[in-house]
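Read off the chains here:
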Amino acid sequence: MAQQNYGTFPSVDVEFDRDGKLVDPASIDRLTAMIANEAITDLFVMSHGWNNNMTEARALYDTVFKSVATQLDDPKNAGIRDRVFGVMAVLWPSKRFTDESAIPGGAASADDARGDQLRQGLSELQDAFPERAADLDEAKKLIDSLESNERAQDRFVEILAAVMQPPSQTDVGMDSVPSAMKTRKGDVLRSLQGPVGVRKPRSFDGGGAAEVGTHGGAADLGGFFRSIKDAALGALNVTTYFTMKERAGKIGEALAPLLDKLRGSGKTPRLHLVGHSFGARLVTSAANHAQQPVATLSLLQAAYSHYGFAKSFDGTAGHDGFFRNVVAQHKVSGPIIITHSVQDKAVGLAYPIASRIGGQIAAALGDANDPFGGMGRNGAQKTPEVPNVNATLLPAGADYTLANGVPNNLQGDTIITSHGDIGKPAVTYAVLRSIART
C-alpha cells in the first residue's frame, strides 16, 4: 500500500497477523523511507483496539489524527509546532467486545434478541478462531436450550473455555478466568444470575461501583443478569476480552524490535506510542519489550488491569503488575497518560463479569477497590509513582502539569461518555501536551 495521510500527517500502515507476523514486511521499508524523506522528528505509533475490521481501524485513525492536527494549532502547542510528525498505524485482527448489548436489563421480550446477539458473537469468534468453527457451531445450536437445560449450559461454557489459551501475559485476577470456566462450566452462567448487592454509583466522582443497570445503578436488579442468555452473553464477552488481550500482548512484543530497528540508524525520531482499548495493552507491551525507552505512552481507555503498573498490588512484596517494569525500569522517558472514565461500560463491565466467573464477589464491582478493575475504568491503581490519583482530563487549551516517566491518571468522567470516545479535542490535546514535555 502506498504512503497515505491520516489527518494531515504522512502515514504508513503496518499490519500484523494474529500470530504477530508482519503481513507485508515491505511496510517497514516504506516507513523507514517516509521518516527519512519527510525528515520526521516525532513518530506516532498508534494501535486500535476493538475494531472488527481494518476499514474501521483506518476510520478511527483518520478521526483521531484530524483532531490532533486541529489541536496542534492551539497556542499552548506553539513549542512543538515546528516538529515534523508522522504516523505508524498498527493494524491487527481484533474483535469488538460490547458494552450496551451486554448490560443487564430490558424486557422479557428481549429473549429472541439475546439469542441473535449470541449467534452473532459466536460467528465473530469463528472468524477470529477458524480452527474452533465446528465447536462454535455446536454452541449456536445450544442457545435455545440454555434457559432450562443444565447440560447445555455446561457444554456452552466448556466450548468458550476451549477458545481461551492459558495466559502468557497475566492481568491480575483475569488469569483465573480460563481455569474457572473449565472447572465450573455451567455454574459460571448460574452464578452470574446471583444477587450482587451493588450500590448505586455516585455521579462522576470516581467512587461507587460500576454502573451495571441500563438506567443507572443496580440496586433494584434481582441478579447480575436477568436470564441465562444474558449471562451467556456476558461469558462470551469475557471470552472475547481474554483472547484479544492475549493477542494484543503477543503483537506488542513483536512490535518492539521493529521500534528498536527504526532507531538503529540515521536520525532517530521520538516515538510516541498511543493505544486504545486492547491496543493500549499492545503498545504497553511494545514499550515493555523495547531495548530503548520511548518518548511518551498514551493509554486511551485501556482494556487491561488497573494494577498493570502496580507495586505489591496485594501488599505482598514481589506481587507487582505485569507491566511494572515500564515504570520501574524507566521504559518511557516522557509522560505516561491514562484516560479513564466511569462511563466506559465496556471495560467497566468486562471486569465485574470476570470477577464473578473467577468465583469472587467484590464489595464494589469494577471500581478502584475491585481486584478485577480495569485501567480504562479507574486509571493506574496501587502505583506509588502516580503523582495525583485525582488528576482530571482537562478541556482543550487548559494548563497541564504532567510528570515524566510515570503514569498520569486523567479522570474523564465528564468528557468521555463511552469506551470508543477518544477522538475528542480534550483527549488529543492531552496527548500533545504530553509530547510537549519531551
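Presented here is an overview of the structure given in this document. For clarity, every value in this text was computed on a predicted model and none was experimentally measured.

### Considering the overall build of the chain
Across its full length, the chain holds 13 helices and 8 strands. Looking at the chain residue by residue over its 438 residues, the buried ones come to 59%. Long-range contacts, defined as pairs at least 24 residues apart, comprise 75% of the intrachain contacts of the chain with a sequence gap of at least 6. Carbon and sulfur atoms make up 49% of the accessible area of the chain, which amounts to about 16,100 Å² in all.

### Focus: the pattern of salt bridges
In the structure shown here, the tally under the stated rule is 22 salt bridges. K185 is paired through a salt bridge with E158; the nearest N and O atoms lie 3.5 Å apart. With a gap of 27 residues between them, K185 in the loop between helix 6 (177-184) and helix 7 (187-192) and E158 in helix 5 (residues 150-163) connect regions that are remote in the sequence. Close ionic contact of K424 with D421 constitutes a salt bridge, the shortest N to O distance being 3.0 Å. Residues joined in a network through salt bridges with shared partners are R132, D135, E138, R155, E158 and K185.

### Things to note about helix 5
Counted at 1.5 Å a residue, the expected span for helix 5 with its 14 residues is 20 Å, and the 21 Å between its end C-alpha atoms agrees. Taken together, the buried positions of helix 5 are occupied by A152, Q153, F156, V157, I159, L160, A161 and V163.

### Structural notes on the pairing of strand 4 (residues 85-91)
When you tally the buried positions in strand 4, you get 7 out of 7 residues, the bulk of the element. In strand 4, alternate side chains face the same way, and those of F85, V87, A89 and L91 on one face and G86, M88 and V90 on the other are all buried. Both strand 3 (residues 42-47) and strand 4 contribute to a ladder of 6 bridges, which runs parallel. From the neighbouring strand, V45 faces strand 4, where its bridge partner is M88. In the classification by handedness, the crossover that spans strand 3, the intervening helix 2 (residues 54-72) and the parallel strand 4 is right-handed.

### Comments concerning unusual backbone geometry
Non-glycine residue A39 carries a positive phi angle of around 55°. Tracing the sequence through the fold places A39 in the loop between helix 1 (26-37) and strand 3. With relative accessibility at 42%, the residue A39 sits in the partly exposed group. Of note in this structure, Q301 is not a glycine but carries a positive phi near 55°. Inspection of the secondary structure puts Q301 in the loop between strand 6 (296-300) and helix 10 (324-328).

### Some remarks on the sheet that holds strand 8 (residues 407-411)
Adjacent strands of a sheet form backbone hydrogen bonds with each other and so pair up, either parallel or antiparallel. Reading across from one edge, 1-2-4-3-5-6-7-8 is the order of the 8 strands in this open sheet, with mixed pairing throughout. The two strands at the open ends of the sheet, each matched to only one other strand, are strand 1 (4-6) and strand 8. Neighbour-to-neighbour, the strand axes of the sheet open up by a mean angle of 25°, direction not taken into account. Both strand 1 and strand 2 (residues 9-15) contribute to a ladder of 3 bridges, which runs antiparallel.

Conventions and cut-offs
Residues numbered from 1 in each chain as written. Predicted model: local features only at pLDDT ≥ 70, side-chain atom pairs only at ≥ 80, totals over all residues. Heavy atoms only, no water. Helix = DSSP H or I, 4+ residues; strand = E, 2+ residues; numbered from the N terminus. Buried < 20%, exposed > 50% of the residue type's maximum accessible area, 1.4 Å probe, protein only. Contact = heavy atoms within 4.5 Å. Areas by Shrake-Rupley, 256 points an atom, 1.4 Å probe, with all protein chains shown as cover. Salt bridge = Lys/Arg side-chain N within 4 Å of Asp/Glu carboxyl O. Expected span 1.5 Å × (residues − 1). Pairing = 2+ DSSP bridges. Right-handed = clockwise from strand over helix to strand, strands pointing away. Axes fitted to C-alpha atoms, helices over the stretch in contact; angles between N-to-C directions.

That is the geometry; function is a separate question.
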